[in-house]
Amino acid sequence: MTLAPAPSQSLAEHVVAVEAGAHVIGLAWLGPKAAFALADGRVLLTDGREAARVAPHPGGGILVAARAGDTLITGGDDGRVVATAPDGTSAERGKEQGRWIDAVTGGRDGAIAWSAGKTVRTRDGKGQLRSFTAPTTAQGLAFMPKGYRLAIAHYNGVTLWFPNTDATPDVLAWKGSHLGVTVSPDGQYVVTAMQENSLHGWRLSDRKDMRMSGYPSKTRSLSWSHDGNWLATSGAEAAIIWPFDKQGPMGRAPRECGVRPVRVARVAFHPRALVLASAYEDGTVLLIRLTDASELLVQNATGASITALAWDDSGRSLAFGDEAGNGGLFTLPS
Amino acid sequence: MSDKIPVTVLTGYLGAGKTTLLNRILSEPHGKKFAVVVNEFGEVGIDNDLVVGADEEVFEMNNGCICCTVRGDLIRIIDGLMKRKGQFDAIIVETTGLADPAPVAQTFFMDEDVSSKTRLDAVVTVVDAKWLTERLKDAPEAKNQVAFADVIILNKTDLVTPEELSAVEAQIRAINPYAKLHRTQRASIDIAEVLGRNAFDLDRVLELEPDFLEEGHHHHHDEDVKSVSFTIPGDVDPAKFMPWVNDLVQQEGANILRSKGILAFQGEPKRFVFQGVHMILDGDLTQDWKPGEKRQSKIVFIGRNLDREALNKGFLACAA
């Protein structure tokens, strides 16, 4: 195997190493602190100087994690859904006795949703619980950007559900197993990652289908650009970035950025600029500027696949974690 | 690839003794830790072992392959378990009595995330000596489970006469003469006979001789599920064989439950070994033919409504 030439400029000196100690399931910035959700049931909170460990799932393991406002929501193999605040305090938000939590997501105003098997529940910021039974196991969840509406990915399609109304849920059908779901910031497109190494999308205005195929593996990570014009995806030996501007992606080719001889494991668009963080199965982390495809190296290959990647809201800091329990906090030089 | 976690699939019709066998495996002082995937909690559980509930959600792969079904829940569970590597040494998947073993087995070949971290060790089927004859008549699932097995635990032998036992064993052998068969009472068996079998490892498919004693062996040709085997006393031409076998499993894959073969390819010093589940074939060159060993080519199919003559004709046409 040959290695692609390293980007000319390295920012590795601006990374503070984080010893997470267990497979990093997910992470989120809660103000100035990055919260790492770990497979051993714990959460590591760190600002790069001080680190604290808390155990929202004592004796259990964390399976899924998502940010909701200023809390990290974790779902575990103990059947519990827990919110951890930046000060390390945690509060149970839900419990599915004897089940594994398959998916969690956070929405606006403190709303969260989770699923265990076919059972899907939402809990709004006031603590109001709603439940829905999906036709098959719900594997991916995402709140729509407008209104209180949840997209639920399952076998043979996506269900769009209004938890606070009795309206019949809207079903977007497409044969196959849908593993994850995301909704464009303008609410016009619903896109899923499928078992068959492809993406599927629906334009809601006319319910037109889109198929985005050619990936050598499953897409596990999807990230929208701040302007909503691009959707970056993992699963290939480059970050595959689909155009979602006015024309939409139909009949158009994606951009391929950060081409390397290993697969992209995680992608995260910068919250304010057309810069993509692309993280690979060998541990490499790159920043890619979309305008000219220039690359900056954040971390060299470590041998361990990156499993979590997130910018803070200001776009100054990027956190990442890997399957071997290591991670880093990177701050853009000012 | 020995660092892949071995997975044993435990099948068997309702009441055959599956749970008894599972509890026996878990309670023996073997020093191993298991992750156990079960359908119902309550009956199984030993401290130290991780017990996970499953929903048996069988999904069709959307790839045009009509019988490529996988267990979606199993993909998720294994993904979750692999994040806690080091906490267990092996995985045991117990299926419900009515389950078809194929989707479970296919999951380990069709899903890359699963196959990169785990390997299917063997399909172990527990059958009830007293009731199997009845089940083979009325339950196609029971027949599939026998046909699919690498290891068959013929349990509750104390509840039948020696003659009845011979008869039921002959019935099993008519369907599947290649599985290792063990007679047990209360599922009492050395767990080394159940775990660590490497039944899907091509290097271990060394011989395809039926595993049965001639004594007490009766032919039951009335079974719709049966095994057929064909031999060419020499080399085959890979340019003829590969398209033929690929075509065959595409056309007949729904009826072919398991397939295996050891072949001498013309001009090739190594044996070509393959094994398959329905439409999925896995094959590779393995060990050399030994000096003085007779080069020959043999294939075996276990399946439903197999056309023995057409298969034989097709295979013989592949001779070099």
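The model shown is predicted, which means the values in this text are computed figures rather than measured ones.

Attention shifts here to the overall build of chain B. On a plain count of helices and strands, chain B comes out with 9 helices and 14 strands. Classification of the 320 residues of chain B by burial places 44% in the buried group. By sequence separation, contacts in chain B at least 24 residues apart represent 76% of the contacts at least 6 residues apart.

This paragraph deals with the overall build of chain A. From N to C terminus, chain A includes 0 helices and 31 strands. Its C-alpha radius of gyration of 19 Å places chain A within 12% of the 20 Å reference for a compact globule of 334 residues. With respect to the principal axes defined by its C-alpha atoms, chain A has extents near 55 × 50 × 35 Å. Taking all 334 residues of chain A together, 51% fall into the buried category.

Along the chain, the position of B:Phe230 falls in strand S10 (residues 225-232). Contacts of B:Phe230, omitting those with residues within four sequence positions, involve B:Ile299, B:Leu311, B:Asn312 and B:Phe315.

Quick look at the domain arrangement of chain B now. All names here are of chain B. Splitting chain B by domain gives domain 1 (5-204) and domain 2 (225-316). The straight-line distance from the C-alpha centre of domain 1 to that of domain 2 is 25 Å. The interface of domain 1 with domain 2 comprises 21 residues on the first partner and 18 residues on the second. Counting only elements with at least two residues in the side of domain 1 that touches domain 2, the list comes to helix H3 (101-110), helix H6 (140-148) and helix H7 (162-175). Examining the composition of the side of domain 1 that touches domain 2, we find that 5 residues originate from one element, H3, more than from any other.

Bringing the interface of chain B and chain A into the picture now. Counting from both sides, the interface comprises 16 residues of chain B and, opposite them, 20 residues of chain A. Of all the secondary-structure elements, those providing two or more residues to the side of chain B that touches chain A are helix H2 (72-82) and helix H4 (112-117) of chain B. For the side of chain B that touches chain A, the element with the highest residue contribution is H2(B), accounting for 4 residues. Tallied by class, the residues present in the side of chain B that touches chain A amount to 3 nonpolar, 5 polar and 8 charged.

This next bit is on the environment of A:Glu19. Mapping A:Glu19 onto the fold places it in strand S2 (residues 15-19). C-alpha separation for the pair A:Glu19 and A:Leu332, spaced 313 residues apart in sequence, amounts to 21 Å.

Okay, the nonpolar core next. Membership of the largest hydrophobic core comes to 97 residues, with the highest contact counts inside it found for A:Phe36 and A:Leu38. Dropping the residues within four chain positions of it, A:Leu38 is found in contact with A:Ala20, A:Gly21, A:Ala22, A:His23, A:Val24, A:Ile25, A:Val43, A:Leu44 and A:Ile62. Counting residues in hydrophobic clusters, the runner-up holds 90 residues, among them B:Ala54, B:Ile78, B:Val123 and B:Ala142.

Before going further, it helps to spend a moment on the sheet that holds strand S17 (residues 170-183) of chain A. All names here are of chain A. Spatial strand order, S15-S16-S17-S18-S19-S20: 6 strands in an open sheet with antiparallel pairing. Only two strands of the sheet have a single neighbouring strand rather than two, namely strand S15 (140-143) and strand S20 (208-212). The average angle at which neighbouring strand axes cross in this sheet is 45 degrees, direction not considered. Bridge count for strand S18 (residues 189-194) against strand S19 (residues 199-203) is 5 bridges, and the pairing is antiparallel. For Thr 192, the partnering residue across the bridge sits in S19 and is His 200.

Attention now moves to the environment of A:Ala39. Here A:Ala39 shows up in the loop between strand S4 (33-38) and strand S5 (43-46). Judged by C-beta crowding, with 25 C-beta atoms within 10 Å, A:Ala39 ranks as buried. Between the C-alpha atom of A:Ala39 and that of A:Gly26, which follows or precedes it by 13 residues, the distance is 9.3 Å. The contacts of A:Ala39, once residues within four sequence positions are left out, are A:Ala22, A:His23, A:Ile25, A:Gly61, A:Ile62, B:Lys83 and B:Arg84.

Residue and element names in this part refer to chain B. Of the residues in chain B, 89% have a pLDDT of 70 or more, and the chain-wide mean is 87. By mean pLDDT, strand S3 (residues 50-53) is the weakest element of chain B at 82, and strand S8 (residues 151-155) is the strongest at 96. Across residues 213-218, where pLDDT falls below 50, the model places 7 contacts with residues more than four positions away in sequence or in other chains. The complex prediction reports pTM at 0.90, with the ipTM value standing at 0.89.

With that settled, consider unusual backbone geometry. The backbone of A:Asp109 sits at a positive phi, close to 55 degrees, despite the residue not being glycine. Using a count of 10 C-beta atoms within 10 Å as the deciding quantity, one classes A:Asp109 as exposed. Notably, B:Lys156 is not glycine yet its phi reads approximately 65 degrees, a positive angle. For B:Lys156, the position within the fold is in the loop between S8 and H7. In this structure B:Lys156 comes out as buried when scored by C-beta crowding, with 23 C-beta atoms within 10 Å.

This part is about helix H1 (residues 18-27) of chain B. Of all the residues in H1(B), the buried ones are B:Lys18, B:Leu21, B:Leu22, B:Ile25 and B:Leu26. Across the axial projection of H1(B), the buried residues extend over an arc of 130 degrees, all falling on one side.

Residue and element names in this part refer to chain A. With 5 bridges joining them, strand S16 (residues 150-161) and S17 adopt antiparallel strand pairing. Each residue of the ladder has a partner; that of Tyr 155, found in S17, is Ser 177. Bridge analysis of S17 against S18 gives 5 bridges, and the strand direction is antiparallel. When the bridges of S18 are listed, His 178 appears paired with Met 194. Joining the antiparallel neighbours S17 and S18 is a turn of 5 residues, in which Gly 187 adopts a positive phi near 75 degrees.

This part takes up the sheet that holds S10(B). Residues and elements named next belong to chain B. Read from one edge of the open sheet, 5 strands run S10-S14-S11-S12-S13, paired in antiparallel fashion. Single-partner strands in this sheet number two, and they are S10 and strand S13 (280-288). For this sheet, the mean angle separating the axes of adjacent strands, direction not counted, is 10 degrees.

Reading the values: rules and limits
Residues numbered from 1 in each chain as written. Chains lettered and ligands numbered in written order. Predicted model: local features only at pLDDT ≥ 70, side-chain atom pairs only at ≥ 80, totals over all residues. Helix = DSSP H or I, 4+ residues; strand = E, 2+ residues; numbered from the N terminus. Buried ≥ 20, exposed ≤ 12 C-beta atoms within 10 Å, placed from the backbone. Contact = placed C-beta atoms within 7 Å. Rg over C-alpha atoms; globule rule 2.2 N^0.38 Å. Domains from an automatic or database assignment. Nonpolar A, V, L, I, M, F, W, Y, C, P; charged D, E, K, R; others polar. Core = buried A, V, L, I, M, F, W, Y, C linked by C-beta atoms within 7 Å. Pairing = 2+ DSSP bridges. Axes fitted to C-alpha atoms, helices over the stretch in contact; angles between N-to-C directions. pLDDT = per-residue confidence, 0-100. Arc of directions from axis to C-beta.

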